[in-house]
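Geometric and topological summary
Residue-level listing of the chains:
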Amino acid sequence: MKTVSGVFRLFFILSFGTTGCMYSIHQFHAGDTELPSRSESVKQIVAESEQFTVLGIVKDTNYVDDALAKLVAQCPNGIVQSIGSRFSTDLGFLSWTNRVRLEGSCIVTK
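The structure contained in this document is the topic of the report that follows.

Parameters at a glance
- Residues numbered from 1 in each chain as written.
- Predicted model: local features only at pLDDT ≥ 70, side-chain atom pairs only at ≥ 80, totals over all residues.
- Heavy atoms only, no water.
- Helix = DSSP H or I, 4+ residues; strand = E, 2+ residues; numbered from the N terminus.
- Contact = heavy atoms within 4.5 Å.
- Buried < 20%, exposed > 50% of the residue type's maximum accessible area, 1.4 Å probe, protein only.
- Arc of directions from axis to C-beta.
- Disulfide = S-S within 2.5 Å.

Now for the environment of R99. Among the secondary structure elements, R99 is positioned in strand β4 (residues 95–109). Put simply, R99 and Y63 are 36 residues apart on the chain and 8.2 Å apart in space, counted from C-alpha to C-alpha. With residues near it in sequence (within four places) discarded, R99 still touches S49, E50, Y63, R86, F87, S88 and D90.

Okay, structure coming up:
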């Protein structure tokens with residue numbers, strides 16, 4: 001009986017120990033900021049994109065370009081400034097998700 005409970009206990013510990021998620025921020029970059037004049041309006045904009053990877057095999061390699069296109073599309077009549085970028089990874093079992101989050105300021109002249 002002791003060997004069965006020992007094996008069950010080991011299986012229980014391994015199953016919960018290996019299924020936990022991990023999260024890692026690899027890099028954060030902040031761009032220069034230029035103060036807007038009184039005749040300009042400022043709106044904060046955010047865009048995110050991700051890439052799912054299984055055993056290092058990916059389908060979408062343009063996820064950063066997609067996030068940048070989403071950010072620029074939110075500011076059609078202005079200039080995007082003060083871009084901050086965060087690259088992070090959510091780790092799973094034999095897979096991971098690369099994420100990029102871009103934050104910026106849309107400066108529009110009135």
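Right, let's get into helix α2 (residues 63–73). Of all the positions in α2, only Y63, A67 and L71 are classed as buried. Down the axis of α2, the sector holding all buried residues measures 80°, keeping them to one side. Looking at α2, the residues exposed on the side facing more than 90 degrees away from the buried face are D65 and A73. Turning to α2, the residues buried within the fold contact β2 (40–54), β3 (79–92) and β4.

Let us now look at the state of the cysteines. In a disulfide, the sulfur atoms of two cysteines are covalently bonded to one another. Evaluated as defined, the whole model comprises 1 disulfide. A sulfur-sulfur separation of 2.0 Å characterises the disulfide bridge that pairs C75 with C106. Taking the torsion about the sulfur-sulfur bond, which here is approximately 75°, the covalent link between C75 and C106 counts as right-handed. Separated by 31 residues along the polypeptide, C75 in the loop between α2 and β3 and C106 in strand β4 bring together distant segments of the chain. Neither C75 nor C106 differs from the other in exposure class; each is buried.

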